[in-house]
Amino acid sequence: MNSNHSHPKQGFDPEGDVPDDRPPSKSMLKRAMHELQDLGEQLLAMPDARLKAIEMPERLRDALDDYKRTRSFEGKRRQLQYIGKVLRAVDAEPLREAVATFQLGHAQNALALHQAERWRADLLREDKDMLTQWVAEFPDTDLQQLRALIRNARKDAAAAPEQRNGRAYRELFQYIKKTLEAQDSASAPQADVAQEDDEDDDR
């Protein structure tokens, strides 16, 4: 018997290149189930407000809500399996797109916070060049206000631990963060215009 010949009852890989009318293998079904459970976990990790904005069958929404109300580890494990089963009966692609959009925005927010933290650390250093660099990148800066924020944050950091309140440190961070956000908002329309110009040139 040819060892390469597959038994007709054996499953196949639906992602393979050769079309086959046999049912998917147990390993493929198991992998697909795990992927749906992963999608369920990703949905559960989203904030409630974002989750409510996603269109989904009520059966799935109820299953997600039941998971959040479950307290025991074993109960959560079983409920997650149930969520995976519910997802098998719905179109999961729009849900995957919603998760991807959320994760992308979350990553961009994390990057913006990291940039603000880096700028704060640089500006608090005793290095006048950093302030000069900031003004070069953000020429509309209220320099007097920024210097006052830096001075107050340094004074707070130099105080005894029991006398620090961190307020000036947080205010400096918020000022930097808002400045970065304003720059991003101002540059976004310019990018859209540039893209439209490129599209016009292609016509």
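Note that residues are indexed from 1 along each chain, following the sequence as it is written. Only residues with pLDDT of at least 70 get local features here, since the model is predicted, and only at 80 or more are side-chain atom pairs given and counted; chain-wide, interface and lining totals rely on the full set of residues. Based on all heavy atoms of the structure, the side-chain values leave hydrogens and waters out of the count.

Observations concerning the overall build of the protein chain
Here is step 1 of the chain: Strands here mean DSSP runs of E at least two residues long; helices mean DSSP runs of H or I at least four residues long; both are numbered from the N terminus. Helices and strands together make up the secondary structure of the protein chain, namely eight helices and zero strands.
Here is step 2 of the chain: Listed by position from the N terminus, the elements making up the protein chain come as α-α-α-α-α-α-α-α.
Here is step 3 of the chain: In the protein chain, which comprises 203 residues, the proportion classed as buried is 28%.
Here is step 4 of the chain: Contact criterion: two residues are considered in contact whenever any of their non-hydrogen atoms come within 4.5 Å of each other. Partitioning the intrachain contacts of the protein chain with sequence separation of at least 6 by distance along the chain shows that 52% fall at a separation of at least 24.
Here is step 5 of the chain: Of the roughly 14900 Å² of accessible surface on the protein chain, a fraction of 50% belongs to carbon and sulfur atoms. When accessible area is computed with a 1.4 Å probe and restricted to protein chains, residues below 20% of their type maximum are described as buried, those above 50% as exposed, and intermediate ones as partly exposed. A 1.4 Å probe and the Shrake-Rupley method give the accessible areas. Residues count as covered only by the protein chains that appear here.

Section: the packing of aromatic side chains
Here is step 1 of the chain: Ring pairs shown here join Phe, Tyr and Trp side chains whose ring centres sit within 6.5 Å, with only the six-membered ring taken for Trp; geometry is labelled stacked below 30 degrees between planes, edge-to-face above 60, and tilted in between. For the coordinates displayed, the defined rule picks out three aromatic pairs.
Here is step 2 of the chain: Arranged with centres 4.9 Å apart and planes meeting at 85 degrees, the rings of Trp119 and Trp134 form a pair that is edge-to-face. Taken together, the residues Trp119 in helix H5 (residues 93-124) and Trp134 in helix H6 (residues 128-137) connect sequence positions 15 residues apart. Here Trp119 matches Trp134 in class, with each residue buried.
Here is step 3 of the chain: A connected cluster of aromatic rings, assembled from ring pairs, spans Trp119, Trp134 and Phe138.
Here is step 4 of the chain: Above the face of the Tyr67 ring, Lys76 is positioned so that its terminal group lies 4.3 Å from the ring centre.
Here is step 5 of the chain: Taking NZ or CZ as reference, Arg120 lies 3.8 Å from the ring centre of Tyr169, over its face. For a Lys NZ or an Arg CZ to count as sitting over a ring, it must be within 6 Å of the ring centre and within 35 degrees of the ring normal.

Topic: the side chain of Gln79
Here is step 1 of the chain: Structurally, Gln79 is set in helix H4 (residues 73-88).
Here is step 2 of the chain: Residue class for Gln79 comes out buried when judged on its relative accessible area of 14%.
Here is step 3 of the chain: Within the structure, Gln79 has its side chain in polar contact with the backbone oxygen of Ala63 (distance 2.9 Å). Polar contacts here mean pairs of N or O atoms no more than 3.5 Å apart (in protein, one a potential hydrogen donor and the other a potential acceptor; neighbouring residues in sequence count only if both atoms are side-chain atoms).

Details of the side chain of Asp156
Here is step 1 of the chain: Note on placement: Asp156 falls in helix H7 (residues 143-158).
Here is step 2 of the chain: Sequence-distant contacts of Asp156, that is, excluding residues within four places in its chain, are made with Gln163, Arg164, Asn165 and Gly166.

A closer look at the environment of Ala121
Here is step 1 of the chain: As for its position among the elements, Ala121 is in helix H5.
Here is step 2 of the chain: Overall, Ala121 belongs to the partly exposed group, its relative accessible area being 42%.
Here is step 3 of the chain: Along the primary structure Ala121 and Phe173 are separated by 52 residues, whereas in three dimensions their C-alpha atoms are 9.5 Å apart.

Details of the nonpolar core
Grouped burial of nonpolar side chains is what soluble globular proteins tend to show.
Here is step 1 of the chain: Each nonpolar core is a collection of buried residues, namely Ala, Val, Leu, Ile, Met, Phe, Trp, Tyr and Cys, held together in the definition by side-chain atoms within 4.5 Å. Ranked by size, the top nonpolar core spans 21 residues in total, and within it Leu43, Ile54, Leu60, Leu64, Ile83 and Leu95 carry the most contacts.
Here is step 2 of the chain: Core analysis: the second largest hydrophobic core is formed by 18 residues, Ala116, Phe138, Ile150 and Phe173 among them.

Focus: H7
Here is step 1 of the chain: With 16 residues, H7 ought to run about 22 Å at 1.5 Å a step, and its terminal C-alpha atoms sit 22 Å apart, in line with that.
Here is step 2 of the chain: If you check which residues of H7 are buried, you get Leu146, Leu149, Ile150, Ala153 and Asp156. Burial along H7 is one-sided: seen end-on, the buried residues are contained in an arc of 130 degrees. Of the exposed residues in H7, those oriented more than 90 degrees away from the buried face are Gln144, Lys155 and Ala158. By this rule the span expected of a helix is its residue count minus one, scaled by 1.5 Å. Along the arc lie the directions from the helix axis toward the C-beta atoms.

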